[in-house]
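One-letter residues, chain by chain:
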Amino acid sequence: MRVLPLLALVTSIALGPVNGQTPPRTYANPIDIDYRYNFEQHNEGISYRSGADPVIVVQGGQYYLFETIGDGYWRSKDLGSWYHITPSRWPLNDVVAPAVLSVRDTIYVLPSTTSPLPIMMLTDPASGHVEFYNRLLPWLPMARSYEPRDAFAKPDSVQPGPWDPQFFYDPDTDRWFLYWNSSNVYPLNVIELDKTRQLAYKGTPRWLFGLDPIHHGWERFGQDHRDSTVKPFIEGSWMNKYNGRYYLQYGAPGTEYNVYSTGVYVSDNPLGPFTYAPYNPVAYKPGGFVQGAGHGNTFQDVYGNWWNTGTPWIAVNWNFERRIGLHPAGFDKDGQQYVDTRFGDFPHWLPTKTRRTTDETFTGWMLLSYHRAVTASSTRDSFPARNITDENPRTFWVAAQNRPRETIILDLGRPYTVKAVQVNYADYKSGLYGTDSTVYTSFRLSSSLDSKTWTPIAEVSALPRRDRPNAYLELPTPTRGRYVRYEHGHVGAANLAISDIRVFGNGDGPPPATPMGLSATRDRDERNATITWQSVPNVVGYNVRWGISPTKLYETYQRFADQGTNLELRALTVGQSYWVAIESFDENGVSGLSAPIPIR
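Here goes a summary of the coordinates provided. (Residues numbered from 1 in each chain as written. Predicted model: local features only at pLDDT ≥ 70, side-chain atom pairs only at ≥ 80, totals over all residues. Heavy atoms only, no water.)

Description of the side chain of Glu 474
We apply this condition: Each helix is a run of H or I in the DSSP string that is no shorter than four residues. Each strand is a run of E no shorter than two, and both are numbered from the N terminus. Between buried and exposed lies partly exposed: a residue is buried under 20% and exposed over 50% of the maximum accessible area for its type, with that area taken using a 1.4 Å probe on protein chains only. Pairs of N or O atoms within 3.5 Å make up the polar contacts considered here, provided that, within protein, one atom can donate a hydrogen while the other can accept it, and that residues adjacent in sequence are counted only when both atoms are side-chain atoms.
Relative to the helices and strands, Glu 474 resides in strand β29 (residues 470-490). Looking at Glu 474, the relative accessible area reads 11%, which means it is buried. A polar atom in the side chain of Glu 474 sits 2.8 Å from the side chain of Arg 25. Within the local environment of Glu 474, its side chain forms a polar contact with the side chain of Thr 26, the two groups lying 2.7 Å apart.

A few points about the packing of aromatic side chains
Formally: Planes of paired rings set the category: under 30 degrees apart is stacked, over 60 is edge-to-face and the rest tilted, where pairs are Phe, Tyr or Trp rings (Trp by its six-membered ring) whose centres lie within 6.5 Å. We call a charge positioned above a ring when the Lys NZ or Arg CZ atom is no farther than 6 Å from the ring centre and deviates by at most 35 degrees from the ring normal.
If you walk through the whole model with that rule in mind, you get 43 aromatic pairs. Ring plane angle 45° and centroid distance 6.2 Å describe the contact between Tyr 257 and Trp 313, whose orientation is recorded as tilted. Of this pair, Tyr 257 sits in the loop between β15 (245-252) and β16 (261-267) while Trp 313 sits in the loop between β19 (306-310) and β20 (325-331), and the two are 56 residues apart along the sequence. Residue classification places Tyr 257 among the partly exposed residues on the basis of a relative accessible area of 26%. For Trp 313, a relative accessible area of 9% gives the class buried. Taken together, a centroid distance of 5.1 Å and an interplanar angle of 80° make the contact between Phe 343 and Phe 585 edge-to-face. In this pair, Phe 343 is assigned in the loop between β21 (337-339) and β22 (348-349) and Phe 585 in strand β36 (residues 579-586), connecting sequence segments 242 residues apart. Summarising the burial analysis for this pair, Phe 343 and Phe 585 share the class buried. Ring pairing ties together the aromatic residues Phe 209, Trp 218, Tyr 250, Tyr 265, Phe 274 and Tyr 276, which thus form one cluster. The ring of Trp 313 has Arg 394 lying over it, and the distance from NZ or CZ to the ring centre is 3.9 Å. Here the basic side chain of Arg 485 rests over the ring of Trp 454, its NZ or CZ set 4.4 Å away from the ring centre.

Brief notes about the sheet that holds strand β31 (residues 519-522)
Rules: Two strands pair under a simple rule: DSSP has to find at least two bridges between them. For helices, the axis comes from a line fit to the C-alpha atoms of the stretch in contact; other axes are also lines fit to C-alpha atoms, and the angle between any two N-to-C directions lies between 0 and 180 degrees.
If you trace the 3 strands from one edge of the open sheet to the other, you get β31-β32-β35, paired in antiparallel fashion. Looking at which strands have only one partner, the edges of the open sheet turn out to be β31 and β35 (566-569). Looking at each pair of strands side by side, their axes are set apart by 15° on average, direction ignored. Sheet topology note: the strand β32 (residues 529-532)/β35 ladder contains 4 bridges and is antiparallel. In the sheet register, Thr 532 faces β35, and the bridge partner there is Asn 566.

Observations regarding the pattern of salt bridges
This is how it is decided: What makes a salt bridge here is a side-chain nitrogen of Lys or Arg within 4 Å of a carboxyl oxygen of Asp or Glu, nothing more.
On inspection of all chains with the given rule, the structure shows 31 salt bridges. A salt bridge links Asp 332 to Lys 552; the nearest nitrogen and oxygen atoms lie 2.5 Å apart. Highlighted residues: Asp 332 in the loop between β20 and β21 and Lys 552 in the loop between β33 (541-547) and β34 (555-560), separated in sequence by 220 residues. Each member of the pair Asp 332 and Lys 552 is classed as buried. A single salt-bridge network, built from bridges that share partners, covers Lys 285, Asp 345, Glu 391 and Arg 502.

Overview of the layout of surface pockets
As a reminder, the rule being used: Cavities and pockets are found on a 1 Å grid laid over the protein atoms alone: a cavity is a set of points where a 1.4 Å probe fits but cannot escape, a pocket is an open set with protein on both sides within 12 Å along at least five of seven lines, and a lining residue has an atom within 4 Å of such a point. Grid points are joined across faces, edges and corners, and a volume is the space filled by probe spheres set on the points. Residue polarity is assigned by list, with Asp, Glu, Lys and Arg as charged and Ala, Val, Leu, Ile, Met, Phe, Trp, Tyr, Cys and Pro as nonpolar; anything else, Gly included, falls into the polar class.
Of the volumes computed, that of the largest pocket is approximately 790 Å³. Residue composition of the lining of the largest pocket, by class: 18 nonpolar, 10 polar and 8 charged. Of the voids in this model, the second largest pocket is the one considered here, and its volume is about 510 Å³. Secondary structure elements with two or more residues in the lining of the second largest pocket: β2 (55-59), β6 (99-103), β10 (166-170), β14 (235-242) and β18 (298-300). The biggest single contributor to the lining of the second largest pocket is β14, with 4 residues.

Concerning unusual backbone geometry
Here the residue pair Gly 161 and Pro 162 is connected by a cis peptide bond, since its omega of 15° sits within 30 degrees of zero. Between Ala 252 and the following residue, Pro 253, the backbone shows a cis peptide bond with an omega angle of -5°. Mapped onto the secondary structure, Pro 253 falls in the loop between β15 and β16. Notably, Asn 181 is not glycine yet its phi reads approximately 140°, a positive angle. Note that Asn 181 resides in the loop between β11 (175-180) and β12 (189-194). When its relative accessible area of 2% is taken as the criterion, Asn 181 is described as buried.

Section: empty space enclosed by the protein
Enumeration over the complete set of coordinates arrives at 6 cavities of 30 Å³ or more. Approximately 180 Å³ is the volume found for the largest cavity. Residue lining of the largest cavity: 20 residues in total, with Ile 314, Arg 323, Pro 393, Tyr 425 and Asn 470 positioned closest to the centre. Here the lining of the largest cavity is built from residues that sort into 12 nonpolar, 5 polar and 3 charged.

Comments concerning the sheet that holds β16
Taken in spatial order, the 4 strands line up as β14-β15-β16-β17 in an open sheet, and their pairing is antiparallel. Each edge of the sheet is formed by a strand with only one pairing partner; in this case those strands are β14 and β17 (275-276). Pairing of β16 with β17 involves 2 bridges; the strand directions are antiparallel. The partner of Val 266 across the bridge, within β17, is Thr 275.

Following this line, the structure appears as structure tokens:
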């Protein structure tokens, strides 16, 4: 085995225009940013990276990402390469689930709070300069600390706040509003804001709606909606106006599980009343590597395409250990809002023009590494190398020592055309509670046809220093290879731990067959349905696609083949009719979609 110096000049992965290199054409979830280490559980000795509750806004033709405990915010020119900005002023306790809105030449930012805080503003966000828009909001009208344990409070009160706030500006009426709440007792609220008094509250809050898990199956709490002991949470509001109608998003039923989703109510008035959309949830991703799609925002890129952000879960070190997802979205000709999570953690094209459908964003690069054989230079305790290819971020490999030149070799089983690799690190006893100059990532990748002669294919260099816990590397040139080797350079954590190395590309064979024998039976409890199909030999997995009509199959539930050919779908709304179809996928591509059938 020929070994090169780790920092030798090899074919380097594109890191973006700030390094004078070609920007990436694709991205994969979770998005590749330097998620910051959280300090909130320092006294308990719990170390993890934060990343949740994202808002992406456009200002001056660039994208700005704000999130929970980010020690600032991020900037991008293409939605693929993100660069952290440390602002000139920022709250001492950082920011949680902020309200963020870009109007004309200003970005307004308000952190979640239970007492009055100032609204910040950015008129030159690329510089990091942050000013006060006002020095202190007034107390939220009607706020009181009392919160009943078992039932909604009366509508003459709201919680101290606003927590999980979100601004909305209606350009057609020149009016401003604030939506907020995160509770399993109180509903979402809205109040108008007075722009002539620096967005002070105008009038009193208005109750909007809470959750109805008795009728809305997807609003039930727990893994796969199976925990009936905890009342679900409504949170994460976001408002869009489309074709004169108001679409108020919300997150439910809780961020700690695979079914964290986004729903929407619709109205002709920003103050309501709002009507539950029959096609809920609009963003749903309970299966695959990245699970969860709740609490984010919906925005248009510089070409006018719609996108939706969300908060997938990790929840290994702490319930609120999370990441950020980005999915193409839109509104159909009937005004139905949708978020496309089909192959939502595979590579997708970054926007370069106005698209016709969200299908155009999927690259067709398939997962080549699922349950492939792995060897590692060392292994600690009960954290085997096979965890690296199980498509589960909650299992991981740990090296005996965190030292340079630790290696991992994936055997894909046969030669493929490799086009991208994603390296996902885990935090196993990392011992970090903040991100400083020692927290950065470096490694290199090489490929081989025979495991003897190796060709460098990509590198994350030690300079410039940057932390990349979910490093996505689009290869500058596709390569033929059966083996992919990871050679370690540096991570800032106490231990070297990797949850998954995911290899993407294409095989040489035909796509798999369409699954046969699809059946869908609605349970006596109409929130649930049992969907079965016949297995397709040697496939990697299936996409169960469902929706409220045969032409609106906007929802996707991804299943790996070793999970069986039976799915209990527990996300349906009582009284609403549904249709379902299925497709299979493997390393060569995707089958045709089966004929849709009604769920009865």
